[in-house]
Amino acid sequence: MNKKKITVAVTGLNAVDNPGPGVPVIRALKESEYFDARIIGFSYESLEPGIYMHDIVDKTYQIPYPSAGTESLLQRLEYINDIEHIDVLIPNFDAELYSFMKIEDTMKTMGIKMFLPTFEQFEERHKVNLATFGKKYDIKVPYDRAIFSTSEIFGLTGDFTYPVVVKGKYYDASIAYNPEQVLTYFNKISSKWGLPIIIQQFIYGSEYNVIALGDGEGNTIGAVPMRKQFITDKGKAWAGIAIDDKELLKMTHDIIGKTKWRGGMELELMKTADNEYYMLEINPRIPAWVYLAVGAGQNLPEALVKLAIGDEVKPYTEFKVGKMFIRYSWDMIVDISEFEHISTFGEF
Amino acid sequence: MNIKKNIALSDTGFIFNPSTGESFSVNPIGVEIIKLIRDGKEKDQIKESILEKYQTDDATFERDYYDFVNIMNHYNLTEIDE
């Protein structure tokens, strides 16, 4: 079969200790039997490892941070698209999604398609709205409260028993055992991600995640549950295993069915000693461990690109249980001229 | 009591629970006992088999057997017979 040629732009090239999903998404597309994908990397920083992975990334362009506004992002995209003629863009960061959602229609007129959640879906599952989400869809979630000022910290003892989890709006979560630690994490996380800070009841148990893809019509195109086997000090899975948990799969199908979820998603859950699941977060994008799903038989990035361009996608109905991923770090040797090029010209 | 049907046991003693992703290791006697439980043998039949093959006594078997079963219950590897 002749593969379909396609140019896909991907963000999240930061394959670091808290990795972005860009590199595994690219690996999935490069292994596609349907697409012959040319990959354009979009980076924010000059030291994102994916920039220098020339075997999988054909060309990289730096793009402005979301804080620079959608106008400068659009200008940059127009410049890049004149050269590269991008068919599909897969944004992989929570923090940039809102900007891309805002310019989705304009990008369509430029010929760049995406497959993102709607504004309503994006907002509804937001960390700040998780309690309402849980009530609406009958899912257990830990008790939480959003706080906007350090003066609220010492009043938390009325509603919470320590430890609590201190979470940023987009990223970062730390376990605090007393108000002083909450204060430290409040300052640390808010300086990076802004306000509010979410204080969440700490749930003891084992961490489980599900990666899934919804077609926007209520159908689940694929879903793979995973148990974290090795967790870094940033709470990231460094090893995990695909599991056959019917309850998690049913929960995922229910959420996608009821919300008519559009795009990739990750459910983060904690299983208690009583075998009860608590939903900790819903991330509105493909997670960094996506390559496990590919290895288990579900190439979800390929399916997402098909959905974006309107090609037929058959839902995956099975995956190989017991497939594991074990992440590792790898030192690339890079010439200073490469770093110079991306730093000076913003493309490489 | 029986071992859950979906639990995978290899001859090396590696146990995998596909619904939780947990894995365990047991020694050769553990493998033997799990296989006997899977074959539907009752505790007394298992005892008879083990006492016949190994140099151990009734009381030691009883203590170790219940310890072993309790551990398997704790890790949700067992289910009650219907």
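Residues numbered from 1 in each chain as written. Chains lettered and ligands numbered in written order. Predicted model: local features only at pLDDT ≥ 70, side-chain atom pairs only at ≥ 80, totals over all residues. Heavy atoms only, no water.

J.: Even after reading the chapter, I still don't get the side chain of Asn299(A), so can you show me in this structure?
T.: All names here are of chain A. Tracing the chain through its elements places Asn 299 in the loop between helix 9 (290-295) and helix 10 (300-309). Among the polar contacts listed, one links the side chain of Asn 299 to the backbone oxygen of Ala 28, at a separation of 3.0 Å. Discounting chain neighbours no more than four positions away, the residues touching Asn 299 are Ala 28, Ser 32, Val 294 and Tyr 316. (Helix = DSSP H or I, 4+ residues; strand = E, 2+ residues; numbered from the N terminus. Polar contact = N/O pair within 3.5 Å; in protein donor to acceptor, adjacent residues only side chain to side chain. Contact = heavy atoms within 4.5 Å.)

J.: Looking at this structure, I do not really get a nonpolar patch on the surface. What am I missing?
T.: Together, Tyr328(A), Trp330(A), Met332(A) and Val334(A) make up an exposed nonpolar region whose accessible area comes to about 470 Å². Inspection of the secondary structure assignment puts Trp330(A) in the loop between strand 14 (324-326) and helix 11 (336-345). (Patch = residues over 30% accessible without salt bridge, like charges linked within 9 Å, V, L, I, M, F, W, Y side chains within 5 Å. Areas by Shrake-Rupley, 256 points an atom, 1.4 Å probe, with all protein chains shown as cover. Salt bridge = Lys/Arg side-chain N within 4 Å of Asp/Glu carboxyl O.)

J.: Mind showing me how you'd approach the layout of surface pockets here?
T.: A probe as big as a water molecule, rolled over the atoms, marks out the empty space that is left. Residue and element names in this part refer to chain A. Roughly 940 Å³ of volume is contained in the second largest pocket. Considering the residues around the second largest pocket, the lining is formed by 31 residues, among which Ala 15, Val 23, Arg 27, Met 53 and Tyr 328 are closest to the centre. Within the lining of the second largest pocket, the residues separate by chemical class into 22 nonpolar, 3 polar and 6 charged. (1 Å grid on protein atoms, 1.4 Å probe; cavity = no way out; pocket = protein on both sides within 12 Å on 5 of 7 lines; lining within 4 Å. Points joined across faces, edges and corners; volume = space filled by probe spheres on them. Nonpolar A, V, L, I, M, F, W, Y, C, P; charged D, E, K, R; others polar.)

J.: Just to check I follow, could you spell out the sheet that holds strand 14 of chain A for this structure?
T.: Note on sheets: strands pair through backbone hydrogen bonds, and any given pair is parallel or antiparallel. Residue and element names in this part refer to chain A. In spatial order, the strands read 13-12-9-10-11-14; together these 6 strands make up an open sheet with antiparallel pairing. Looking along the sheet, the strands with just one partner apiece sit at the ends: strand 13 (277-283) and strand 14. Pairwise comparison of adjacent strand axes, ignoring direction, gives a mean angle of 25° for this sheet. (Pairing = 2+ DSSP bridges. Axes fitted to C-alpha atoms, helices over the stretch in contact; angles between N-to-C directions.)

J.: Before we go on, may I ask you to explain empty space enclosed by the protein in this structure?
T.: Residue and element names in this part refer to chain A. Here the structure, examined in full by the defined rule, presents 3 cavities of 30 Å³ or more. If you add up the space inside the largest cavity, you get close to 80 Å³. Around the largest cavity sit 14 residues that line it, and Pro 91, Phe 115, Leu 116, Gly 264 and Leu 304 are the ones nearest its centre. Listed by contribution, the elements that provide at least two residues to the lining of the largest cavity are strand 4 (88-90) and strand 12 (262-271). Looking at the lining of the largest cavity residue by residue, the classes come out as 10 nonpolar, 3 polar and 1 charged.

J.: I tried to follow the nonpolar core on my own but got confused; where do I start?
T.: Burial of nonpolar side chains together is a common tendency in soluble globular proteins. Residue and element names in this part refer to chain A. If you look at the biggest cluster of nonpolar residues, it comprises 66 residues, and the most contacted ones within it are Val 8 and Met 279. If one sorts the elements of this core by residue count, helix 10 sits on top with 6 residues. Not counting the four nearest positions on each side in its chain, Met 279 is found in contact with Leu 130, Ile 139, Lys 140, Val 141, Pro 142, Met 251, Ile 255, Leu 267, Glu 268 and Leu 269. If you look at the next biggest cluster of nonpolar residues, it comprises 24 residues, including Leu 74, Ile 103, Ile 112 and Met 114. (Core = buried A, V, L, I, M, F, W, Y, C linked by side-chain atoms within 4.5 Å. Buried < 20%, exposed > 50% of the residue type's maximum accessible area, 1.4 Å probe, protein only.)

J.: Hey, could you run me through the pairing of strand 13 of chain A in this one?
T.: Note on strand geometry: in a regular strand, side chains alternate between the two faces of the sheet. All names here are of chain A. Counting buried residues along strand 13, 7 of its 7 residues qualify, which places the element largely inside the surrounding structure. Relative to strand 13, strand 12 runs antiparallel, the two being bridged by 6 bridges. Within strand 13, the residue paired with Glu 268 across the bridge is Glu 281.

J.: Whenever I open this one, the domain arrangement of chain A confuses me. Can you help?
T.: Reports of interface size often rely on the accessible area that becomes lost once the parts have come together. Along its sequence, chain A is carved into domain 1 (4-115 + 331-345) and domain 2 (143-201). Taken over C-alpha atoms, the centre of domain 1 of chain A sits 33 Å from the centre of domain 2 of chain A. (Domains from an automatic or database assignment.)

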